[in-house]
Every structure is written in C-alpha cells, then in structure tokens.
Amino acid sequence: MFEMIRKFEAKYPAIKVELSQYPPQDMLPKTVAALDSGAPPDVAYSDVYDFQVTAKWAYEGKIDDLSELLAPMRERFAPSAVEAVHLYNHATRKRAYYAFPIMQQTIYTMYWKDMLETAGFKQSDIPTGWKDYWRFWCEKVQPAYRKKTGSRVYAVGQSLGVDSTDAAWAFLTFADAYNVRLVDGEGKLLVDDPAVRQGLIDALTDYTDLYAKGCVPPSAMSWKDPDNNVAFHNRTTVLTHNPTISIPGKWLDDMNNPVLTDSQRATARKNYTELIVTGGFPDKPDGSRMTYRASVKTGVIFRDARNKAAAKQFVAFLLDEANLTPYVEGTLGRWYPVTRAAQQRAFWQSDPHRLAVHKQFTHGTVPFEFTKDYRFAVLNNENVWAKAMSRVVNEKLAVDKAVDEMIARIKTVVAQ
C-alpha cells in the first residue's frame, strides 16, 4: 500500500495521500464516528465492511455511486466480485455499484498430517461423504490419537462463540451443505419454506453434535476469531476450518522471518510444506460437491467525502492490475484476487495451500445474503447462528425449537 501511494503521488503530484491505519476491531467504530461528525474519510476500506455495513450504507445512501468508475472495467473482474458490490439504494429504488472490490475469501479445512498418521490413519482414509467425514475425525481419529499419545487433543477446532464471525461463517457453510437458501436472487426471504427450516435443523444438529460428543474443545463456546487458529497452532486440535488460509500462512511468514532462529524457521518450513494440509469440505449429504460462499472485501467512497474527485482517481489507480495484484499477493494467499487476470497467475498454482484456494474459487462461489438484503449484516452482527448454538448446547433447548427462534428473529429483523 505504501508503495502504491508513492507511485500515485508521483503520477498526481498535486494530490497528497494521508493514510490512517487501525486494527480491524477499531475500523467500524472509527468510521461511524467520522460519519457522525460529518467528516468521513475520502476513501475507506476494512476487511469487515462487506460483512457488516457496506450494503447497509448503500441502502441508506451514505456511499457514492461508483458506476461510472467500475462499469468500464467490469469485464476485468470475476462476476461474483461485481455482483457483490452491485447494491440497493432505498432512496433511488435501484441497484448500482456502491463499492469497489479489492479481494475475497472463502472457507477451507486444515489438518495436521502427522497427527492423522499418529492416530494410525492415512490421507486416503478420509471419507468424502458428509456424515462419514465428521464421524471419522470425531469417532476414529480423536480416540486413536488420545490412546496413542495420552494427550487430551480434540478432533475439530470449531468455534461456537457469539463474538466469532468464524462461527457464523462455518454454520452457514453447514447450511449450504443442506442446500439452504435463506433469500432468493431478489432478496425475498425464504425461511417459511418447510425445506429451509428442515435444512437449518439438519445443519444445526450436525454443528452442535460435534461439540456434544466431546470432539470440540469446551472453550470453543467462548472463542473469538483468532482462537481456532491458536488451538490449531498449539496442536490441541487435529482439524479446523477457517475463512482464510491464515493458519498455514503464519508458518509461511515464520519460515521467511529473519528475526527467528534457524531452528524456528526450519520448524515453520516443515509445518508449511509437509505437515499442514489445506482442502475443502466433504461432499454434501446429497452427494453433490460443495459450492462455497465468498466474501468480497469492499472499499467505499462516502457521499459526503470532501475530495471526491481525487478519491475516485485514487481508487481507479488502486484497481489497476499493476497495483492491485501485488497488493493482494502480498497477503501470501490469505485473500484471493477479484480480477480474472490475477486469478490465472502462477502464484496460485505454485503452492499446495494456494492451489487449494484456487480450486475452490474456480469451481464457482455464491454471495452472502447481505448482498441481497443488507439486514442480513445485522443478523450476522447479532450472530443469530451462534446464539442458536448456545441455546442448544448450554440451555439444552431442542434443535428444532432453537431453529424456530432463529427463523423468528430473521423475520423480525428483515421486516424492519
């Protein structure tokens, strides 16, 4: 980003860029405070905007229509990327490009190959069917590993925390496995369909059963987003799922970190290149292949930006292939490109972890519900999904009752 800014200022010497950076958890309150004060930044980006506020701001008319900027370059982008920023404005009663796509993510599984082998199994032993897959890790790998090592290791690092977006994403992936569609292409709510209700019941049953059977760490009920990573790195879980490849990426970073010792770098290299396996979820219960939802990371230009013309020049510069591609690849595979050309680069074929990412995206992805109705961002912020998990696990509420509560809350929020 700093290099990009230097290049931009060299090309446009009359424009100076002031870059402010904040931790992800501070970005939303900082942005909202700036909006409320009437002095928003000219250009704003956060990893959490798309999940929490971009569609809401578009609905409320707080961000600028970028159609003139994006329409001419639309063909450069993957269809899912432009679909994710084609948002509804309630004041104009129409959709337009109210944000710009930077990069995207979806969800993966990772497991320790050596821990699997210690339990007495090979990679070829892992089932591909949905039910058999989770039973394998829970009922075969976990007890075998514990018996062999005497350590209290858990099969699956799976968050159930209300403060965890990972829990929301993972549950919705389980729902996707049961072909649940909460809204149609126009944003119409589908939760009154009995098949949708049953799919949610099946998904919540599968998700909470792993915890109830003792195959997920007890602390997972209060996990935040980093905690499944920590548990995996500490080898207290054999397998986890995560909506980026930041887990193997940590070891890639370590193996090239000159501050670490030779021994630490060697351990990191072995972990990254030999011991951690990145892949997808098993086939759906109906036997079909999983199609994953993608979260497209978005930036915005606010309607009340003071330097709107310069902001659009900067965004156009940022989205140029020569600038955007190295920015995305600089994340070492954590985020996947939104442009067609960048997706075909050798960078995504030259490494087994990044190749797994590439394969999932090239199979095709679907957007989140909040791109169709911004109020699903509200539901994600509330984490109605993890609240239902808590009702089942902690309060022993029947799964169907917890799903009925979830559906009632969805209908209440979407009706607002």
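So, here's what we can say about the structure. Worth saying up front: this structure is predicted, and the values here are computed from it rather than measured. Each chain has its residues counted from 1, running along the sequence as written. Reporting of local features is limited, given that this is a predicted model, to residues whose pLDDT is at least 70; pairs of side-chain atoms are given and counted only at 80 or more, and all residues count toward the totals for whole chains, interfaces and linings. To get the side-chain values, all heavy atoms of the structure are used, and hydrogens and water are removed first.

By the secondary structure assignment, Ala341 is in helix H16 (residues 340-343). Only protein chains enter the calculation, and the probe is 1.4 Å; a residue is then buried if its accessible area is under 20% of its type maximum, exposed if over 50%, and partly exposed in between. The class of Ala341 is partly exposed, set by a relative accessible area of 46%. Remark: the alpha-carbon pair of Ala341 and Pro258, spanning 83 residues in sequence, is separated by 32 Å. By the criteria applied, helices consist of DSSP H or I runs no shorter than four residues and strands consist of E runs no shorter than two, each listed in order from the N terminus.

For the rest of this paragraph, the subject is the packing of aromatic side chains. Centre distance within 6.5 Å is the pairing criterion for rings of Phe, Tyr and Trp, where only the six-membered ring of Trp is used; planes under 30 degrees apart are then read as stacked, over 60 as edge-to-face, and the remainder as tilted. Tallied over the full model, the rule gives 31 aromatic pairs. Centroid distance Phe368 to Phe370: 5.2 Å. Interplanar angle 10°. Geometry classified as stacked. Here Phe368 matches Phe370 in class, with each residue buried. For Lys250, the ring lying beneath its charged end belongs to Trp251, and the centroid distance is 4.4 Å. Geometrically, a lysine NZ or arginine CZ counts as sitting over a ring once it is within 6 Å of the ring centre and also within 35 degrees of the ring normal. One Lys or Arg, Arg293, reaches over the ring of Phe368 and ends 4.7 Å from the middle of that ring.

Moving on: the packing of helix H12 (residues 246-255) against helix H13 (residues 262-275). Their axes nearest at 8 Å, the elements H12 and H13 cross at an angle of 145°. In terms of crossing hand, the pair formed by H12 and H13 is left-handed. Of the residues in H13, those touching H12 at Pro248, Gly249, Trp251, Leu252, Asp254 and Met255 are Arg265, Ala268, Arg269, Asn271 and Tyr272. Here the contact of H12 with H13 is built from residues that sort into six nonpolar, two polar and three charged. Axes here refer to lines fitted to C-alpha atoms; in helices the fit is confined to the stretch in contact. Angles between the N-to-C directions go from 0 to 180 degrees. Should the near helix be turned counterclockwise from the far one by less than a right angle, the crossing is left-handed, whereas a clockwise turn marks it as right-handed. By definition in these notes, contact holds between two residues if any of their heavy atoms fall within 4.5 Å. The residue classification treats Ala, Val, Leu, Ile, Met, Phe, Trp, Tyr, Cys and Pro as nonpolar and Asp, Glu, Lys and Arg as charged. All others, Gly included, are polar.

With that settled, the discussion passes to helix H15 (residues 321-329). All of the buried residues in H15 are Asn323, Leu324, Thr325, Val328 and Glu329. Contacts from the buried residues of H15 go to helix H1 (2-11), strand S4 (100-105), helix H14 (308-319), strand S10 (336-337) and H16. Pairing of N or O atoms within 3.5 Å defines a polar contact, subject to two protein rules: one partner must be a possible hydrogen donor and the other a possible acceptor, and residues neighboring in sequence count only if both atoms are side-chain atoms. A distance of 2.9 Å separates the backbone nitrogen of Ala322 from a side-chain oxygen at the start of H15, and that oxygen is part of Asp320.

The next thing to look at is the state of the cysteines. Simply put, the disulfide is a covalent bond whose two ends are the sulfur atoms of two cysteines. Working definition: a disulfide is two cysteine sulfur atoms within 2.5 Å of each other. Under the defined criterion, the tally for this structure stands at one disulfide. One disulfide bridge connects Cys138 with Cys215, the sulfur atoms lying 1.8 Å from each other. A torsion of 65° about the S-S bond marks the disulfide between Cys138 and Cys215 as right-handed. Placement of Cys138 in helix H8 (residues 130-149) and of Cys215 in the loop between helix H10 (194-212) and helix H11 (227-233) is noted, with a sequence separation of 77 residues between them. For the pair formed by Cys138 and Cys215, the shared burial category is buried.

Attention shifts here to H12. Buried residues dominate H12, accounting for eight of its ten residues. Restricting attention to buried positions, one finds in H12 the residues Ser246, Ile247, Pro248, Gly249, Trp251, Leu252, Asp254 and Met255.

Working definition of a nonpolar core: buried Ala, Val, Leu, Ile, Met, Phe, Trp, Tyr and Cys residues. They are joined through side-chain atoms within 4.5 Å. Of all hydrophobic cores here, the largest spans 93 residues; its most connected members are Trp137, Leu200 and Trp385. Top contributing element to this core by residue count: helix H9 (residues 165-177), with nine residues. With residues near it in sequence (within four places) discarded, Trp385 still touches Ala168, Phe171, Leu172, Leu182, Phe376, Leu379, Asn380, Met406 and Ile410. Ala58, Tyr98, Phe100 and Phe314 belong to the second-largest nonpolar core, a separate cluster that totals 47 residues.

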